[in-house]
Amino acid sequence: MSVNNEGFIQIDDLDQHAADTHRPTIAERQRVDYREIAKEVGRLGEGKTYFIRTHGCQMNEHDTEIMSGMLEEMGYTPAREMYDADFILYNTCAVRENAEDKVWGNLGTLKPYKAKNPNLIIGLCGCMAQEEVVRERIRTTHPHVDIVFGTHNVHVLPSLVEQAHHSKLTIFDVWDAAHDGTIENLPKVRKDDVRAWVNIQYGCNKFCTYCIVPFTRGEERSRLPQDVIEEIKQLAAEGYKEITLLGQNVNDYGIDLEGVDFADLLELAAGVDGIERIRFTTSNPWNFTDKLIDTIARHKQIPNFIHLPVQSGSSQVLRRMKRGYTREEYLDLVSRIKTRIPDVALTTDIIVGFPGETEEQFQETVSLLEEVRYEGAFTFVYSPRAGTPATRLPDDVSEEDKKKRLYRLNEVQDGISLEQNQKLVGHVLNVLVECESKNNADVLQARTESNKLVHIEGAKTLIGQMIHVKVTEAKTWYLRGEVLPQGVIV
Ligand code: SAM
Ligand code: SF4
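It should be emphasised that the depicted structure is a prediction, and the values quoted were computed from it without experimental measurement.

Participant: Where do I start with the overall build of the protein chain in this structure?
Facilitator: The number of helices and strands found in the protein chain is 15 helices and 21 strands. In terms of overall dimensions, the protein chain is globule-like: its C-alpha atoms have a radius of gyration of 23 Å, near the 23 Å expected for 490 residues. Taken over 490 residues, the protein chain has a buried fraction of 54%. In the protein chain, 74% of the contacts between residues at least 6 apart in sequence involve partners at least 24 apart. Only carbon and sulfur atoms are counted for the fraction: they give 50% of the accessible area of the protein chain, which is about 21,500 Å². For the protein chain, the separation between the mean place of its 57 positive charges and that of its 76 negative charges on side chains is 3 Å.

Participant: Please explain the site of ligand 1 as it appears in this structure.
Facilitator: In the region of ligand 1, 17 residues are neighbours, and Gln248, Pro309, Gln311, Asp349 and Ser383 sit closest. Separating a nitrogen atom of ligand 1 from a backbone N or O atom of Tyr210 is a distance of 3.0 Å. Expressed as a share of its isolated accessible area of 570 Å², the protein-covered part of ligand 1 is 92%. Contributions of two or more residues to the shell around ligand 1 are made by strand E15 (345-352) and strand E16 (376-381). Split by residue class, the shell around ligand 1 holds eight nonpolar, five polar and four charged.

Participant: Help me understand the site of ligand 2, please; the structure alone is not making it clear to me.
Facilitator: In the vicinity of ligand 2, the contacting residues are Cys204, Lys206, Phe207, Cys208, Tyr210, Cys211, Val213, Pro214, Gln248, Asn249, Asn284 and Arg323. Broken down by class, the residue content of the shell around ligand 2 amounts to seven nonpolar, three polar and two charged.

Participant: Teacher, can you tell me more about the UniProt feature "domain: TRAM" (unreviewed entry) in the protein chain here?
Facilitator: According to UniProt, the "domain: TRAM" (unreviewed entry) feature falls on residues 422-485. Across residues 422-485, helical content stands at 2% and strand content at 58%; the span's end C-alpha atoms are separated by 23 Å.

Participant: In this structure, what is going on with the pattern of salt bridges? I would like to understand it.
Facilitator: Pairing between side chains of opposite charge can happen when the charged atoms of each approach one another. Enumeration over the complete set of coordinates arrives at 41 salt bridges. In this structure, the salt-bridge partner of Glu65 is Arg190, at a minimum N-O distance of 4.0 Å. With a gap of 125 residues between them, Glu65 in helix H3 (residues 58-73) and Arg190 in the loop between strand E8 (182-184) and strand E9 (195-199) connect regions that are remote in the sequence. Overall, Glu65 belongs to the buried group, its relative accessible area being 4%. Sharing partners across several salt bridges, the network here consists of Glu65, Glu184, Lys188, Arg190, Arg223 and Glu231.

Participant: How should I be thinking about empty space enclosed by the protein in this particular structure?
Facilitator: If you roll a probe as big as a water molecule over the atoms, it shows you where there is empty space left. Counted according to the given criterion, the structure contains one cavity of 30 Å³ or more. Estimates place the volume of the largest cavity at around 290 Å³. In terms of lining, the largest cavity is formed by 18 residues, of which the most central are Thr151, His152, Val154, Tyr202 and Arg221. Secondary structure elements with two or more residues in the lining of the largest cavity: H3 and E8. Taken domain by domain, the lining of the largest cavity gets at least three of its residues from each of domain 1 (33-179) and domain 2 (184-422).

Participant: Would you mind showing me how to read the domain arrangement of the protein chain here?
Facilitator: Where the parts come together, the accessible area they lose is often given as the size of the interface. In terms of domains, the protein chain is made up of domain 1 (33-179), domain 2 (184-422) and domain 3 (428-488). Relative placement of domain 1 and domain 3: their C-alpha centres are 37 Å apart.

Participant: So what exactly am I meant to see when it comes to unusual backbone geometry here?
Facilitator: Across residues other than glycine, the phi torsion is negative in most instances, and most of the peptide bonds are trans. In the segment running from Thr281 into Thr282, the intervening peptide bond is cis, with an omega of 5°. Phi at Asn185 takes a positive value of approximately 60°, unusual for a residue other than glycine. Relative to the helices and strands, Asn185 resides in the loop between E8 and E9. Look at Gln311: it is not a glycine, yet its phi comes out positive at around 75°. Mapped onto the elements, Gln311 comes out in the loop between strand E14 (305-307) and helix H12 (315-321).

About the criteria used
Residues numbered from 1 in each chain as written. Chains lettered and ligands numbered in written order. Predicted model: local features only at pLDDT ≥ 70, side-chain atom pairs only at ≥ 80, totals over all residues. Heavy atoms only, no water. Helix = DSSP H or I, 4+ residues; strand = E, 2+ residues; numbered from the N terminus. Rg over C-alpha atoms; globule rule 2.2 N^0.38 Å. Buried < 20%, exposed > 50% of the residue type's maximum accessible area, 1.4 Å probe, protein only. Contact = heavy atoms within 4.5 Å. Areas by Shrake-Rupley, 256 points an atom, 1.4 Å probe, with all protein chains shown as cover. Lys, Arg positive; Asp, Glu negative; His and termini not counted. Charge placed at Lys NZ, Arg CZ, Asp CG, Glu CD. Near = heavy atom within 4 Å. Polar contact = N/O pair within 3.5 Å; in protein donor to acceptor, adjacent residues only side chain to side chain. Nonpolar A, V, L, I, M, F, W, Y, C, P; charged D, E, K, R; others polar. UniProt positions renumbered as here; feature names shortened; annotations may be inferred. Salt bridge = Lys/Arg side-chain N within 4 Å of Asp/Glu carboxyl O. 1 Å grid on protein atoms, 1.4 Å probe; cavity = no way out; pocket = protein on both sides within 12 Å on 5 of 7 lines; lining within 4 Å. Points joined across faces, edges and corners; volume = space filled by probe spheres on them. Domains from an automatic or database assignment.

Shown next, in the form of structure tokens:
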């Protein structure tokens, strides 16, 4: 791999870089048991409280569940308000600049609290911590932050907290590269009683030119299938009904293990008794095999729902993004999926205003939305990330055009989402009742197989149950439904 003067990996070298990447075999695989580490962890948190503010993706949310588990094993209890806590931790995201800006703003507001309470410990972890520029800014302008650690060493949190109690200086413990294995038996405080998230893979090898994730999360590492399935069995025994398998690139699962791929893992997971739904995110269009499509089609426990980020409808833009597929190849994949899974629901991610995106190329994205007819889309304005190859492309789309394109795209997608939802009015659907609605305690929140939110009225005892509801009303973002008398599915 060659790196130019500014420290960027050369775009043309990325394939070679991927080929050069060393992938440990199963025999070389390290597998650290957190229970061994936990033997050394004291009860320093006894009588103290913690608060974790989480930014970013579902993986960060899940890392927060793990770090909460470690802190509670140290005796910490959750604080109701951030400013009441003895330990405040920011679990950060570096994917877009605005996510980082929020963290800097929040960290700034903590300065006076630290001045008032010198025993307060402040920590920063997650993807931002992996960036040297961020660490430098902490050193120079935010010395009130006590500990900084990255995505590869979440498991050392207890020891860092202990060190912070005895040190006045900021402790930096960021590992440049992930170790070759996985940490198992990590404690978790799960935030939901019905749905649980399970990591199956860490890191990303794709190096899309706009994306910082391969730099902050490192190479792909798969957990051993037996560890994943054991965790799912435990969750089933605890009464969880829905599992989401997590990874940046789940369909790459197993590339570093012998004899197992993602379709095999899904099949195993679908066979765990007591689990009603096995979801997964995120799957990349680049290596979505027919075997995987058939596995999804075959199992009723695997919802007919796929989040399939396309990023752009223009083959030229996709090439500059280094996504590894053309518009035609993506549409061919969609058509293969729709043929084998006729009632499939698709959602996507899109970036507008990528360097060099012309109005015509943007129009190709709009036409792709109209052709695929996604149930929903997460849409973003391109955000240059230092160190990624795309920052060397001339960023010639004006801020105004970027914003306008985002607005136009959202208008198109909102129209499609509403139309898709309206088609469901009068239909009877299987939903999993998740919880009370956040805004109205008289309303329950349920989720269709296609991941659509449904508001229903019913007894709280329905929470955690699969029931039949009839859709009565469609909105852009959610449905309303009524519970059928014979609603509960046994
Ligand atoms: N691994 C997933 C995939 O490739 O589909 C996506 C993970 S990424 C954390 C989530 C989404 O953030 C991406 O699908 C992309 O749309 C968006 N994203 C990533 N980098 C971005 C950037 N520099 N600017 C704007 N959006 C970005
Ligand atoms: Fe980022 Fe691409 Fe990896 Fe997704 S596949 S995490 S967009 S580099």
